[in-house]
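Architecture at a glance
In case you want the letters, here they are:
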Amino acid sequence: MSPEAPRREEPRPEGLRAEDPRTARTKGRLRTSLLAECADRPLAEVSVSAVVRRAGVGRATFYLHYEDLTALAVDACADVVHAAVDALHAWQTGPSPLPPTRPPAALAAFLAQAADRAPLYRTLLLPGGDGPLGRRLHRELRARAVAERAAVGAPHPELVGSAVAAAFTGVLADWLHEDIRADPEALADHLWRLLMALHRAIGPGGGGGHPTRAR
């Protein structure tokens, strides 16, 4: 999730050309610049002028790629969405079909890193889970949960996928806005048990399941 970390590739529709390397580099510089500007102040106090000056590009170049700072911020925060999804599935490294009773360490690590950028994330992830970052996080978490339940024949994948995505996104948002008081390790434990309970609430014969696969 650091600005220097390799950016995860988004899947491209068939036939769509890859992004020009120069464009990718320019966008990367703008994302890094925005995250640096937001390190100790909210997005509302950041200007386009400050971002382009730090990035070493012109205003015209900025507007060639982004409509406004919010659009850039959502792009810059895309990695947090991938990190969240990956953290919830970090236990899937071995042959066991069932998750551990304790959350993977990656989940608490993700929450700790999210807390470090709370001022920026609070701008895009509103209380309850709304906002551009919240909607993107909900969409990707739901898609992952629905696909994995459907793959193993678990009942009502759409229903459970929506519940899992809404619960995680809403709790994360409220925690970042300090409506929930817990350290990252405690919150990871609470979230893990909550998501397991949601998956198990509607399983084969009325029970069974877990955060990614039903029993």
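Rules of the game
- What you see as residue numbers is a count from 1 along each chain, following the sequence as written.
- With pLDDT at 70 or above as the cut-off, local features in this predicted model cover only qualifying residues; side-chain atom pairs require 80 or more to be listed or tallied, and sums for whole chains, interfaces and linings still use all residues.
- For side-chain calculations, the full set of non-hydrogen atoms in the structure is used, while hydrogens and water are omitted.
- By definition, any uninterrupted DSSP run of H or I lasting at least four residues is a helix, any uninterrupted run of E lasting at least two residues is a strand, and each is numbered from the N terminus.
- Only protein chains enter the accessibility calculation, which uses a 1.4 Å probe; a residue whose area is less than 20% of its type maximum is buried, one above 50% is exposed, and one in between is partly exposed.
- Contacts were defined at the residue level, with two residues in contact if any of their heavy atoms lie within 4.5 Å.
- Surface accessibility follows the Shrake-Rupley procedure with a 1.4 Å probe radius. Residue values consider only the protein chains on display as shielding.
- When the centres of two rings from Phe, Tyr and Trp lie within 6.5 Å, Trp using its six-membered ring, the rings pair. Their planes under 30 degrees apart give stacked, over 60 give edge-to-face, and anything left gives tilted.
- Two thresholds decide whether a charge sits over a ring: the Lys NZ or Arg CZ must be within 6 Å of the ring centre and within 35 degrees of the ring normal.
- Orientation is described by axes fitted as lines to C-alpha atoms, over the contacting stretch for helices, and by angles from 0 to 180 degrees between their N-to-C directions.
- Geometric relationships in this document are graded by angle, where less than 35 degrees denotes roughly parallel, more than 145 denotes roughly antiparallel, 65 to 115 denotes roughly perpendicular, and other angles denote oblique.
- Amino acid classes used here: Ala, Val, Leu, Ile, Met, Phe, Trp, Tyr, Cys and Pro are nonpolar; Asp, Glu, Lys and Arg are charged; the rest, including Gly, are polar.

Take the overall build of the protein next. Counting its regular elements, the protein contains 10 helices and zero strands. What you see in the protein, going N to C, is helices and strands ordered as α-α-α-α-α-α-α-α-α-α. By the burial criterion, 43% of the 215 residues in the protein qualify as buried. Taking the contacts inside the protein whose residues are at least 6 apart along the sequence as the reference set, 65% of them involve residues at least 24 apart. Surface summary for the protein: the accessible area is close to 11,000 Å², and the carbon and sulfur share equals 54%.

The subject of this paragraph is the packing of aromatic side chains. All chains considered together, the criterion is met by three aromatic pairs. Pairing F62 with Y66 gives two aromatic rings, centres 6.1 Å apart and planes at 40 degrees, and the pair type is tilted. Considered together, F62 and Y66 belong to a single accessibility category, that of buried residues. Site record: aromatic cluster; members linked through ring pairs are F62, Y63 and Y66. It is K27 that lies over the ring of Y66; its NZ or CZ is 5.9 Å from the centre.

What follows covers unusual backbone geometry. The phi dihedral of H156 falls on the positive side, at around 50 degrees, and the residue is not glycine. Summarising the element assignment, H156 is placed in the loop between α8 (132-151) and α9 (157-176). According to the relative accessible area criterion, H156 is partly exposed, its value standing at 48%. Phi is positive for E178, which is not a glycine, with a value near 65 degrees. Residue class for E178 comes out partly exposed when judged on its relative accessible area of 48%.

Two quantities define a packed helix pair, namely the angle between the axes and the distance from one axis to the other. Packing of helix α1 (residues 21-37) against helix α4 (residues 69-76) brings their axes to within 9 Å, and their N-to-C directions diverge by 95 degrees. Here α4 runs roughly perpendicular to α1, going by the angle between their axes. Facing α1, whose interface residues are L30, R31, L34 and L35, α4 presents L69, L72, A73, D75 and A76. Along the lines of polarity and charge, the residues of the contact of α1 with α4 split into seven nonpolar, no polar and two charged.

Moving on to the environment of R136. In this structure, R136 sits in helix α8. Along the backbone, R136 and V81 are 55 residues apart, and their C-alpha atoms lie at a distance of 7.3 Å.

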